[in-house]
Amino acid sequence: MKRCQWADPSSELYIAYHDNEWGQPEHDDRKLFEMLTLESFQAGLSWLTILKKREAFRMAFDGFQPDVVALYGPEKVEELMADAGIVRNRRKIEAAIRNAGVYLSIQKEFGSFACYLWAFTGGKVILNTDDETRTHTELSDRISKDLKRRGMSFVGTTIVYAFLQAVGVVNDHELSCFCHPNHP
C-alpha cells in the first residue's frame, strides 16, 4: 500500500496515525481540543516525539477536557513541569491552559468548537489536488488570526495548518496515497 512519504514505514505509531486518523474529518470537540493542544506542543519538535508522548499527555491533561484544563492553577503548572512523560515547556503549558479558556468561550458562542472550525469551509473538506508541500494557506492564516484575536497563543498559521490537516478540514494526503479520496 502506498502512503504519504512522511508516514515512516518503520514506525508503527506513524503508520497507525496516518492510516486511521490523519486527514479524517473530526467533529468531536474533545478530540479537536486534544489535537490543537498537541499541535501547539509539537512546535519545534518532531510529530513522532508527540505521538510517543500522547498517552502521557492525555493523562497529564485530564483527557484533554477543556473545562478541566481551563481551571489549572500554578500548582498544576508545576506538576506538569515535573512530568517527564510530556514536553515540559512552561510557555506551551501555560498557553494550553489559556487556550482551554478561549476554547470554552468559542464553544459557548458557536455551540461547539466544531461548528466554529467547520464554518470556515462551509462544512466541507478542502481536498489536496496536487503534491505541493505547504506550511500554511489563506485558510490557516485566517483561522490563526482569529484564534489569536480571541486570546489563544501557540496557534500560528503553520501550527493551525498542521491542525487542519490532522483533523481533516484539509485532506492533504498525497495523490498516490491510498487515503486520498481520488486514489485509483
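We now turn to the structure provided with this report. (Residues numbered from 1 in each chain as written. Predicted model: local features only at pLDDT ≥ 70, side-chain atom pairs only at ≥ 80, totals over all residues. Heavy atoms only, no water.)

Enumeration according to the criterion identifies 16 salt bridges in this entry. In this structure, Glu-21 and Lys-31 form a salt bridge, with 2.5 Å as the shortest nitrogen-oxygen distance. With a gap of 10 residues between them, Glu-21 in the loop between α1 (12-20) and α2 (29-42) and Lys-31 in helix α2 connect regions that are remote in the sequence. The exposure classification of Glu-21 matches that of Lys-31, with both residues buried. (Salt bridge = Lys/Arg side-chain N within 4 Å of Asp/Glu carboxyl O. Helix = DSSP H or I, 4+ residues; strand = E, 2+ residues; numbered from the N terminus. Buried < 20%, exposed > 50% of the residue type's maximum accessible area, 1.4 Å probe, protein only.)

Right, let's get into the nonpolar core. Formed by 51 residues in total, the largest nonpolar core has its most connected members in Phe-57, Phe-61, Phe-113, Leu-117, Leu-147, Phe-163 and Leu-164. Sorting the residues of this core by element identifies α1, α2, α3 (47-60), α5 (74-81), α6 (90-110), α7 (113-119), α8 (138-150) and α9 (157-166) as the ones contributing at least two each. Residue contributions to this core peak at 7 residues, all from α6. (Core = buried A, V, L, I, M, F, W, Y, C linked by side-chain atoms within 4.5 Å.)

We now examine the layout of surface pockets. Taken as a whole, the largest pocket spans an internal volume of roughly 570 Å³. If you go around the largest pocket, you meet 20 residues; those closest to its centre are Trp-6, Trp-22, Thr-133, Arg-134 and Gln-165. Breaking the lining of the largest pocket down by element, the ones donating at least two residues are α1, α2 and α9. Taken together, the residues of the lining of the largest pocket break down into 7 nonpolar, 6 polar and 7 charged. (1 Å grid on protein atoms, 1.4 Å probe; cavity = no way out; pocket = protein on both sides within 12 Å on 5 of 7 lines; lining within 4 Å. Points joined across faces, edges and corners; volume = space filled by probe spheres on them. Nonpolar A, V, L, I, M, F, W, Y, C, P; charged D, E, K, R; others polar.)

Right, let's talk about the side chain of Glu-21 for a bit. Looking at Glu-21, the relative accessible area reads 17%, which means it is buried. A distance of 2.5 Å separates polar atoms of two side chains, one belonging to Glu-21 and the other to Arg-54. (Polar contact = N/O pair within 3.5 Å; in protein donor to acceptor, adjacent residues only side chain to side chain.)

Let's shift gears to the packing of α2 against α3. One can describe the packing of α2 onto α3 by two numbers: an axis separation of 10 Å at closest approach and a directional angle of 130°. Accordingly, the angle class assigned to the pair α2 and α3 is oblique. You can see that α2 and α3 cross each other, and the crossing is right-handed. The segment α2 lies against α3, with Lys-31, Glu-34, Met-35, Leu-38, Glu-39, Phe-41 and Gln-42 engaging Trp-47, Ile-50, Arg-54, Phe-57 and Arg-58. (Axes fitted to C-alpha atoms, helices over the stretch in contact; angles between N-to-C directions. Parallel < 35°, antiparallel > 145°, perpendicular 65-115°, else oblique. Left-handed = near helix turned anticlockwise from the far one by under 90°. Contact = heavy atoms within 4.5 Å.)

Okay, the environment of Pro-74 next. On the secondary structure map, Pro-74 appears in helix α5. Accessibility expressed as a relative area gives 60% for Pro-74, which makes it exposed. Placed 34 residues apart in sequence, Pro-74 and Ser-40 show a C-alpha to C-alpha distance of 20 Å.

Looking now at the packing of aromatic side chains. With the rule as written, the count across this model stands at 15 aromatic pairs. Ring geometry for Trp-6 and Tyr-14: centres 5.6 Å apart, planes at 70°, overall edge-to-face. Exposure remark for Tyr-14: the relative accessible area of 13% places this residue in the buried category. Their ring planes at 85° and their centres at 5.2 Å tell us that Tyr-116 and Phe-120 sit as a pair that is edge-to-face. (Phe/Tyr/Trp six-rings, centres within 6.5 Å; stacked < 30°, edge-to-face > 60°.)

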